[in-house]
Amino acid sequence: MGLQKGYRVAVVGATGAVGQKMIETLEKRDFPVQTLLPLASKRSAGKTVSYKGEEVIIQEANPEAFEGVDLALFSAGGSVSRQLAHEAVKRGAVVVDNTSAFRMDADVPLVVPEVNEQDISKHNGIIANPNCSTIQMVVALEPIRKAFGLKRVIVSTYQAVSGAGTQAVEELKQQTRDFLNGNEVTAQILPVKSDEKHYPIAFNALPQIDVFQDNGYTFEEMKMINETKKIMHMPELKVAATCVRLPFFTSHAESVYVEVEDDTASVDKMKEILSEAEGVVLEDDPASQTYPTPLSAEGKLDVLVGRIRQDLDDKKGFHFWVVSDNLLKGAAWNSVQIAERLVKNNWLTR
Ligand code: NAP
Ligand code: 3JM
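Parameters at a glance
Residues numbered from 1 in each chain as written. Chains lettered and ligands numbered in written order. Predicted model: local features only at pLDDT ≥ 70, side-chain atom pairs only at ≥ 80, totals over all residues. Heavy atoms only, no water. Pairing = 2+ DSSP bridges. Helix = DSSP H or I, 4+ residues; strand = E, 2+ residues; numbered from the N terminus. Axes fitted to C-alpha atoms, helices over the stretch in contact; angles between N-to-C directions. Contact = heavy atoms within 4.5 Å. Buried < 20%, exposed > 50% of the residue type's maximum accessible area, 1.4 Å probe, protein only. Phe/Tyr/Trp six-rings, centres within 6.5 Å; stacked < 30°, edge-to-face > 60°. Lys NZ or Arg CZ within 6 Å of the ring centre and 35° of its normal. Near = heavy atom within 4 Å. Polar contact = N/O pair within 3.5 Å; in protein donor to acceptor, adjacent residues only side chain to side chain. Areas by Shrake-Rupley, 256 points an atom, 1.4 Å probe, with all protein chains shown as cover. Nonpolar A, V, L, I, M, F, W, Y, C, P; charged D, E, K, R; others polar. Parallel < 35°, antiparallel > 145°, perpendicular 65-115°, else oblique. Left-handed = near helix turned anticlockwise from the far one by under 90°.

A.B. asks: How should I be thinking about the sheet that holds strand β10 (residues 238-242) in this particular structure?
C.D. replies: Across a sheet, paired strands are connected by hydrogen bonds in the backbone, their directions being either parallel or antiparallel. Strand order in the open sheet made by the 6 strands is β10-β9-β11-β14-β13-β12, with mixed pairing throughout. Sheet topology places β10 and β12 (280-282) at the edges, where each strand pairs with a single neighbour. Neighbour to neighbour, the strand axes of the sheet diverge by 25 degrees on average, direction disregarded. Bridge analysis of β12 against strand β13 (residues 303-310) gives 3 bridges, and the strand direction is parallel. Across the sheet, valine 281 pairs through a bridge with leucine 304, a residue of β13. Here helix α4 (residues 132-148) sits on the sheet in contact with β9 (150-158), β11 (252-260), β12, β13 and β14 (317-324), set at roughly 30 degrees to β11.

A.B. asks: Could you clarify how one ought to interpret unusual backbone geometry in this entry?
C.D. replies: Note on backbone geometry: most residues besides glycine have negative phi, and most peptide bonds are trans. For the peptide bond that leads from leucine 190 to proline 191, omega is 10 degrees, which places it in the cis range. By the secondary structure assignment, proline 191 is in the loop between α5 (166-180) and α6 (219-231). For aspartate 210, which is not glycine, the phi torsion reads 70 degrees and is therefore positive. Using a relative accessible area of 22% as the deciding quantity, one classes aspartate 210 as partly exposed.

A.B. asks: Can you help me understand the packing of aromatic side chains in this one?
C.D. replies: Aromatic ring pairs are described here by two measures, namely the spacing of the ring centres and the angle between the planes. Applying the stated criterion to the full structure yields 4 aromatic pairs. In this structure, lysine 173 packs its charged tip against the face of phenylalanine 249, placed 5.9 Å from the ring centre.

A.B. asks: Can you help me understand the site of ligand 1 in this one?
C.D. replies: Around ligand 1, 27 residues are found, and the nearest of them are Thr15, Ser41, Ser44, Asn98 and Cys132. Here glycine 13 contributes a backbone N or O atom positioned 3.1 Å from an oxygen atom of ligand 1. Take glycine 330: an N or O atom from its main chain is 3.0 Å from a nitrogen atom of ligand 1. Within the complex, the protein chains bury 76% of what would otherwise be the 910 Å² of accessible surface of ligand 1. For the shell around ligand 1, the secondary structure elements donating two or more residues are α1 (17-28) and α9 (328-344). Residue composition of the shell around ligand 1, grouped by class: 10 nonpolar, 15 polar and 2 charged.

A.B. asks: Quick question: what am I supposed to make of the pairing of β11 here?
C.D. replies: Working note: regular strand, side chains alternate between the two faces of the sheet. Burial within β11 is extensive, with 8 of its 9 residues counted as buried. Two strands pair when backbone bridges link them, and β9 and β11 are joined in this way by 8 bridges, in the antiparallel orientation. Along β11, the bridge assignment pairs leucine 150 with valine 260. In this structure, β11 lies alongside β14, joined through 8 bridges in antiparallel fashion. Its bridge partner lying in β14, glutamate 259 is registered against glycine 317.

A.B. asks: I keep staring at the packing of α4 against α6 and nothing clicks. Help me out?
C.D. replies: A pair of packed helices can be characterised by two numbers: the angle between their axes and the separation between those axes. The interhelical angle for the contact between α4 and α6, taken along N-to-C directions, is 40 degrees, at an axis separation of 9 Å. Here α6 runs oblique to α4, going by the angle between their axes. α4 and α6 meet at a crossing whose hand is right-handed. Every residue of α6 that contacts α4 at Cys132, Ser133, Thr134, Met137, Val138 and Leu141 is listed here: Glu220, Lys223, Met224, Glu227, Thr228 and Ile231. For the contact of α4 with α6, the class distribution of residues is 6 nonpolar, 3 polar and 3 charged.

A.B. asks: What's the story with the packing of α4 against α9 in this structure? I'm lost.
C.D. replies: Axis separation between α4 and α9 bottoms out at 8 Å; the angle between their running directions is 85 degrees. Taken together, the axes of α4 and α9 lie roughly perpendicular to each other. Contacts between α4 and α9 pair Cys132, Ile135 and Val139 from the former with Lys329, Gly330 and Asn334 from the latter. The residue inventory of the contact of α4 with α9, partitioned by class, reads 3 nonpolar, 2 polar and 1 charged.

The structure is reproduced here in structure tokens:
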């Protein structure tokens, strides 16, 4: 690669569903990359990824690989982050981590730029990217909180298989072919790859994403609950979540109920506020059957909101539908956006 002005950027998990989108997003946003360093497991070392018309060789992710790296975007699972993120920081890199490994650590900012950009400035080398389902919800919640105050949030999700990685995408394709051909359908990955019990996802709905906790909630649900409070700096906010995996490939959808503080809140005011909010596109017109769907959100950077209604029993209650590309705003784009803000605000140096 020719010498360019910019940063030495490592992408850890470069062959994965998120890692590939990270490389694509760095390219599309023309992020100031001097050298791209794609890292993955030993299995992928020597293979290549395309970046700006060139084939760049993938290397094995190990501590030494981070020598000279300025910025490292991690998305290779929690155990890889726990093993290597501090090694990268020790060698001078700033890490944007896409896994749940450090999100709730007190000294690690958990950031969605539209909500808490300033938290990035407090980083000690690692900045955490929230869970995909949390990100799109808080982008819609923040303008509502600012305008009306927020007391309670109840969310049910409708999540795409790509959120569980490339193997889950292949599983849905294979099961769909087998189902339609009248062959036996086998399940090996979902709902959770590491668990013993699996259910088919094709033509099904699975009310389990990630592993069960002792309180009966899944880890994905607890991520939404705890991460929302941390990002919004609202430990007192009441949040409940039910997370469901559905058989489509890209974008997560969410049905959200909010209870606000201000009893003068209205659907019209909420539409006005959301139509002007950073990172939100309002697609809400029942008269013309206009609302976002997972297919229409695919490839878009923004969070799409529709179906805003006032609760019929509680005038401080509102319902809405929020959809976003889980691999972009839910993962790769939010990480690259954090990286852009690190550069813009001169926060890349420690
Ligand atoms: P994926 O498609 O299964 O890809 C996994 C990636 O990790 C591959 O590049 C794989 O490389 C790499 N990897 C696996 N073991 C490794 C090792 N020991 N050392 C180095 N690299 C290793 O999964 P994905 O959907 O891209 O997700 C990856 C991770 O990102 C998830 O586990 C999760 O923590 C995080 N994630 C976050 C969000 C979010 O909400 N922000 C969304 C999705 C995922 P090989 O090809 O060489 O195996
Ligand atoms: C999204 O470490 C792992 O097994 C990764 C599990 C995982 C996570 C996570 O907990 O980091 C898969 C898909 C996420 C996430 O963003 O929370």
